[in-house]
Protein chains: 2
Amino acid sequence: MDIICLDLEGTLVPEIWISFSEKTGIGQLKITTRDEPDYDKLMRYRMDILRQHHLGLKDIQEVIGTMAPLEGAKEFLDDLRRHTQVVILSDTFSEFAGPLMQKLGWPMIMCNSLRVDEDGMISDYVMRLQDGKRKEIQAFKRLNYRTFAAGDSYNDLTMIHEADGGCLFRAPQKILEEEPGLQIAQTYGEFATIIRSFLAK
Amino acid sequence: MDIICLDLEGTLVPEIWISFSEKTGIGQLKITTRDEPDYDKLMRYRMDILRQHHLGLKDIQEVIGTMAPLEGAKEFLDDLRRHTQVVILSDTFSEFAGPLMQKLGWPMIMCNSLRVDEDGMISDYVMRLQDGKRKEIQAFKRLNYRTFAAGDSYNDLTMIHEADGGCLFRAPQKILEEEPGLQIAQTYGEFATIIRSFLAK
């Protein structure tokens, strides 16, 4: 029995913070972990900016609701879910993912969550696990699943290496150079072919 | 973060073997674990009967494809998936569940699987885990999820007791008497109310 574990942002939907920054025109929200490696500092900065713009969770969800999955992602995922079990493993927050999950047909997602104060402002965030993606793969393996993992970023590498099979999808050149042993896909067609070959083994 | 873990047969869809027996008119397939407690003996008997009737997996899936989820189950599940994560924990086989999962909008399901020979006949079955439902709840708890479990049968009791919250849904009188401490639901409305109250805690 197999479980296919997919990253969300960059793999099925656009990077949420970057799209949000573009949609709202708030350039300060373009900053990512590449610019500020201290994740807690980055999140506190983002929460401050949102508060300054009086953007509560509902406003943010409305903006995220105008975003679309990557072109072809829904069809790719629909086809995969007809043949095997799929779960999305993501570092994002369930409250942000919601509007996009709806557009993807409510696949299962394991991610983190936000705390919202009485004014509807984001007051804090809760990381469910450290290195969650890898631990989730380990958990599925202990439940006797054969696992396949795929994503586009550095935070996907531990799960890809932990899983029984895996690949990179539209990863940046730097990661491709650092991980020459991994299979790579640039289109959903190539992605599906790699997964089908894993499932047939 | 919460995960709601639901039984499949009797909870969201009819008992598959019983419905299959009614649809095909093969009365010998009405036998369940209540009549034959040795599960392996029961499954070998079922596989023999299917072979005698020249029913391969595709024929069986076609018959299962004519079954429908329990009335109201799809709407109940759709609503739940909009608010939280849901996974179906079942002792059935993924090949049997498929046609019904399609009608339920492809929720994630963790179950067992079948082996099919070159003639398309079911030749064997693979139990992924013993006491799988309980072990799956334990795995989600280790991943820092708050868990809720619900079902209608004896094989649901270990997961219900293992989970942080739970209830029985349309359970037989005997189980209700033996488990007076568990919350009970008879309608999907009551079921949703119990789950919402768990999520709000």
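In the block above lies the structure referred to throughout.
Residues numbered from 1 in each chain as written. Chains lettered and ligands numbered in written order. Predicted model: local features only at pLDDT ≥ 70, side-chain atom pairs only at ≥ 80, totals over all residues. Heavy atoms only, no water.

Undergrad: Explain the sheet that holds strand β6 (residues 165–169) of chain B to me, and be specific about the residues and the numbers.
TA: Residue and element names in this part refer to chain B. Pairing in this open sheet of 7 strands is mixed, and the strands run β4-β3-β2-β1-β5-β6-β7 from one edge to the other. Both edges of this open sheet fall to β4 (122–126) and β7 (183–185), since each of them pairs with a single strand only. Adjacent strand axes in the sheet meet at a mean angle of 25° when their direction is disregarded. As paired strands, strand β5 (residues 146–151) and β6 are joined by 4 bridges and run parallel to one another. Bridging across to β6, Gly151 finds its partner in Leu168. Across the sheet, helix α5 (residues 94–103) touches β2 (85–93), β3 (108–116) and β4, and the angle it forms with β3 is around 130°. (Pairing = 2+ DSSP bridges. Helix = DSSP H or I, 4+ residues; strand = E, 2+ residues; numbered from the N terminus. Axes fitted to C-alpha atoms, helices over the stretch in contact; angles between N-to-C directions. Contact = heavy atoms within 4.5 Å.)

Undergrad: Before we move on, can you summarise the pattern of salt bridges with the specific residues and values?
TA: Residues and elements named next belong to chain B. Under the defined criterion, the tally for this structure stands at 26 salt bridges over all chains. The partner of Lys174 in a salt bridge is Glu178, and the shortest N-O contact between them spans 2.9 Å. Taken as a pair, Lys174 and Glu178 lie in helix α8 (residues 173–178) at a separation of 4 residues, close to a single helical turn. When its relative accessible area of 53% is taken as the criterion, Lys174 is described as exposed. Since its relative accessible area comes to 41%, Glu178 is described here as partly exposed. (Salt bridge = Lys/Arg side-chain N within 4 Å of Asp/Glu carboxyl O. Buried < 20%, exposed > 50% of the residue type's maximum accessible area, 1.4 Å probe, protein only.)

Undergrad: Give a detailed account of the relation of the copies chain B and chain A, specifying residues and quantitative values.
TA: For the pair chain B and chain A, the relating rotation is 180°, the translation along its axis is 0.0 Å, and the fit reaches an RMSD of 0.0 Å. The transformation relating the two chain copies, once decomposed into turn and shift, fits a two-fold axis. Comparing interface residues between copies, 100% of those in chain B also lie at the interface in chain A; the contact surface is shared. (Least-squares fit on C-alpha atoms with pLDDT ≥ 70 in both.)

Undergrad: Which residues make up the environment of Leu182(A), and what are the values?
TA: Residue and element names in this part refer to chain A. Within the element layout of this structure, Leu182 appears in the loop between α8 (173–178) and β7 (183–185). The buried category is assigned to Leu182, whose relative accessible area is 17%. Each C-alpha atom of the pair Leu182 and Gly166 lies 7.4 Å from the other, and the pair is 16 residues apart in sequence. For Leu182, the contacting residues outside a window of four places in its chain are Leu157, Ile160, His161 and Leu168.

Undergrad: Which residues make up the environment of Gly132(B), and what are the values?
TA: With respect to the helices and strands, Gly132(B) occurs in helix α6 (residues 132–142). Sequence-wise, Gly132(B) and Leu89(B) are 43 residues apart; in three dimensions their C-alpha atoms are separated by 8.1 Å.

Undergrad: Residue-level account of the pairing of β5(B), with values.
TA: All names here are of chain B. Among the 6 residues that make up β5, 5 are buried, leaving the element largely enclosed by the rest of the structure. Both strand β1 (residues 2–6) and β5 contribute to a ladder of 5 bridges, which runs parallel. Note on β5: the bridge partner recorded for Leu6 is Ala150. Of the crossover connections in this fold, the one passing from β5 over helix α7 (residues 157–162) to the parallel β6 is right-handed. (Right-handed = clockwise from strand over helix to strand, strands pointing away.)

Undergrad: Could you give an account of the sheet that holds strand β3 (residues 108–116) of chain A, with specific residues and numbers?
TA: Residues and elements named next belong to chain A. Taken in spatial order, the 7 strands of this open sheet run β4-β3-β2-β1-β5-β6-β7, and their pairing is mixed. Whereas interior strands pair on both sides, the edge strands pair on one side only; in this sheet they are β4 (122–126) and β7. When the angles between neighbouring strand axes are averaged without regard to direction, this sheet yields 25°. Pairing geometry for strand β1 (residues 2–6) and strand β2 (residues 85–93), over 4 bridges, is parallel. Each bridged residue has a counterpart across the sheet, and for Leu6 the counterpart in β2 is Ile88. This element, helix α5 (residues 94–103), spans β2, β3 and β4 of the sheet and lies at about 130° to β3. Contacting β1, β5 (146–151), β6 (165–169) and β7, helix α9 (residues 188–200) crosses the sheet at an angle of about 165° to β5.

Undergrad: Go over the interface of chain B and chain A with me, naming the residues and quoting the values.
TA: With 27 residues of chain B in contact, the opposing surface of chain A contributes 27 residues. For the pair chain B and chain A, the two sides together bury roughly 2300 Å², of which 65% comes from carbon and sulfur. On the surface where chain B and chain A come into contact, there are 0 salt bridges. Counting across the interface, chain B meets chain A through 10 residue pairs in polar contact (both at pLDDT 80 or more). In terms of residue count, β3(B) provides more of the side of chain B that touches chain A than any other element does, 6 residues in total. Tallied by class, residues from the side of chain B that touches chain A come to 15 nonpolar, 6 polar and 6 charged. (Buried area = accessible area lost by both parts, 1.4 Å probe. Polar contact = N/O pair within 3.5 Å; in protein donor to acceptor, adjacent residues only side chain to side chain. Nonpolar A, V, L, I, M, F, W, Y, C, P; charged D, E, K, R; others polar.)

Undergrad: So what's going on with the environment of Ala163(A)? Residues and values would help.
TA: Residue and element names in this part refer to chain A. Relative to the helices and strands, Ala163 is located in the loop between α7 (157–162) and β6. Taking the C-alpha atoms as reference, Ala163 lies 29 Å from Asp35; in sequence the two are 128 residues apart. The residues touching Ala163, leaving out its near neighbours within four places in the chain, are Ile137, Thr147, Phe148 and Ala149.

Undergrad: An account of the packing of helix α3 (residues 57–64) of chain A against α5(A) is needed here, citing residue identities and associated values.
TA: Residue and element names in this part refer to chain A. Two numbers describe how α3 lies on α5: the axes approach to 9 Å, and their chain directions differ by 35°. Between α3 and α5 lies a crossing whose hand is right-handed. Contact residues: Leu57, Ile60, Gln61 and Ile64 in α3; Glu95, Phe96, Pro99 and Leu100 in α5. (Left-handed = near helix turned anticlockwise from the far one by under 90°.)

Undergrad: Just give me the short version of the packing of helix α4 (residues 73–83) of chain A against α9(A), but keep the residues and values in it.
TA: Residues and elements named next belong to chain A. For the pair α4 and α9, interaxial distance at closest approach is 10 Å and the crossing angle is 15°. The pairing of α4 with α9 is recorded here as roughly parallel in orientation. Crossing geometry of α4 relative to α9 is assigned as right-handed. From α4, Ala73, Phe76, Asp79 and Leu80 reach across to α9, where they touch Tyr188, Phe191, Ala192, Ile195 and Arg196. Residues of the contact of α4 with α9, tallied by class, amount to 7 nonpolar, no polar and 2 charged. (Parallel < 35°, antiparallel > 145°, perpendicular 65-115°, else oblique.)

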